[in-house]
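Observations on the three-dimensional arrangement
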Amino acid sequence: LVTFTQRAARQLTARLTELVGPEAQHVRAGTIHHFCYETLRAHPEPADVPDDFIVVDDTVTDAFWQRWYEAHEDWCKAHDLHSYRQVKTHVSRIKLGIDTVSGQLTDGLREYERMLTDRGALDFDDLLVKTRDLLRTHPDVRAGLVEETEAVLVDEFQDTDPVQFDVIRRLGEA
């Protein structure tokens, strides 16, 4: 059971328990990011992530991109990026393969990735992309996950991005 918020996962699990009783305890429920986190924790070497990786939260990413925006404000505004949040959203879309990187943002993204690497950290987009890549390039890992997954139910499926869709699709493959 894949949801987009922890609250939704708790609510759906509670409803499922009301409907089917104790059997609901065998349902794996959580956010797509939590599923990806667990998958990368179980398979760090083939996923090419540190065994002890941490996940940085918005406090860290906001601080980085706010400083970067302030140092490159003229360039950002000339490229229709009028706040650090718009820069951060654009970077997320780049990491997910939705947008392309250009200009000074190329260096900013390189600095950001270096900061994450130095900390042994992943951000939320990395959780998705690294899991997608793991499932694409390691059929044995994908097969193991598929084998333990009888069905995949996705709450708010219409809101998935292309990387989330790819991860979910690969779980449904026999």
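Above this text you will find the structure in question.
Quick summary incoming for the structure in this document. Numbering of residues starts from 1 in every chain and runs along the sequence as written. Since the coordinates come from a predicted model, pLDDT governs what is reported: local features require at least 70, and pairs of side-chain atoms require 80 or more to be given and counted, while whole-chain, interface and lining totals use all residues. Each side-chain value is derived from all of the structure's non-hydrogen atoms; neither hydrogens nor water enter the calculation.

1. Examining the nonpolar core
A general tendency of soluble globular proteins is for nonpolar side chains to be buried together. Put simply, the rule reads: Take the buried residues of types Ala, Val, Leu, Ile, Met, Phe, Trp, Tyr and Cys, join any two whose side-chain atoms come within 4.5 Å, and each joined set is a nonpolar core. When a residue's accessible area, from a 1.4 Å probe over protein chains only, is under 20% of the maximum for its type it is buried; when over 50% it is exposed; and in between it is partly exposed. Secondary structure elements follow DSSP: runs of H or I of four or more residues count as helices, runs of E of two or more count as strands, with numbering from the N terminus. Here, two residues are considered to be in contact whenever any of their heavy atoms come within 4.5 Å of each other.
Formed by 22 residues in total, the largest nonpolar core has its most connected members in Ile32 and Leu40. Among the elements of the structure, helix 2 (32-42), helix 8 (124-137), helix 9 (139-147) and helix 10 (162-172) are those that each provide at least two residues to this core. Sorting elements by how many residues they give to this core places helix 8 first, with five residues. In this structure Ile32 touches Val2, Thr3, Phe4, Leu128, Gln164, Val167 and Ile168, once residues within four positions along its chain are discounted. Of all hydrophobic cores here, the second largest spans 18 residues; its members include Val56, Trp65, Trp68 and Ala121.

2. Observations regarding the pattern of salt bridges
Threshold: Each salt bridge in this description consists of a side-chain nitrogen of Lys or Arg and a carboxyl oxygen of Asp or Glu lying within 4 Å of one another.
Overall, the coordinates contain 15 salt bridges when judged by the stated rule. Across the pair Asp62 and Lys88 runs a salt bridge whose closest N-O atoms are separated by 2.6 Å. Here Asp62 is found in helix 4 (residues 58-71), whereas its partner Lys88 is found in helix 6 (residues 84-95), with 26 residues between them in sequence. Among the residues examined, Asp62 registers a relative accessible area of 13% and is labelled buried. A salt bridge links Asp166 to Arg170, with the nearest nitrogen and oxygen atoms 3.0 Å apart. With Asp166 and Arg170 both in helix 10 and four residues apart, the pair spans about one turn of that helix. A relative accessible area of 6% places Asp166 in the buried class. With a relative accessible area of 14%, Arg170 lands in the buried category.

3. What to know about the packing of helix 4 against helix 7 (residues 104-119)
To keep it simple, the criterion reads: Axis geometry follows a simple rule: fit a line to the C-alpha atoms, using only the stretch in contact for helices, then measure angles between N-to-C directions, giving values from 0 to 180 degrees. The handedness criterion is simple: a crossing whose near helix is rotated anticlockwise from the far helix by less than a right angle is left-handed, and one whose near helix is rotated clockwise is right-handed. Any residue outside Ala, Val, Leu, Ile, Met, Phe, Trp, Tyr, Cys, Pro, Asp, Glu, Lys and Arg is labelled polar, Gly included; the first ten of those are nonpolar and the last four are charged.
Between helix 4 and helix 7, the shortest axis-to-axis distance is 11 Å and the interhelical angle comes to 145°. Judged by the twist between their axes, the crossing of helix 4 over helix 7 is right-handed. Contacts between helix 4 and helix 7 pair Val60, Thr61, Phe64, Trp65 and Trp68 from the former with Gln104, Leu105, Gly108, Leu109, Glu111, Tyr112, Met115 and Arg119 from the latter. Residue classes in the contact of helix 4 with helix 7 are distributed as eight nonpolar, three polar and two charged.

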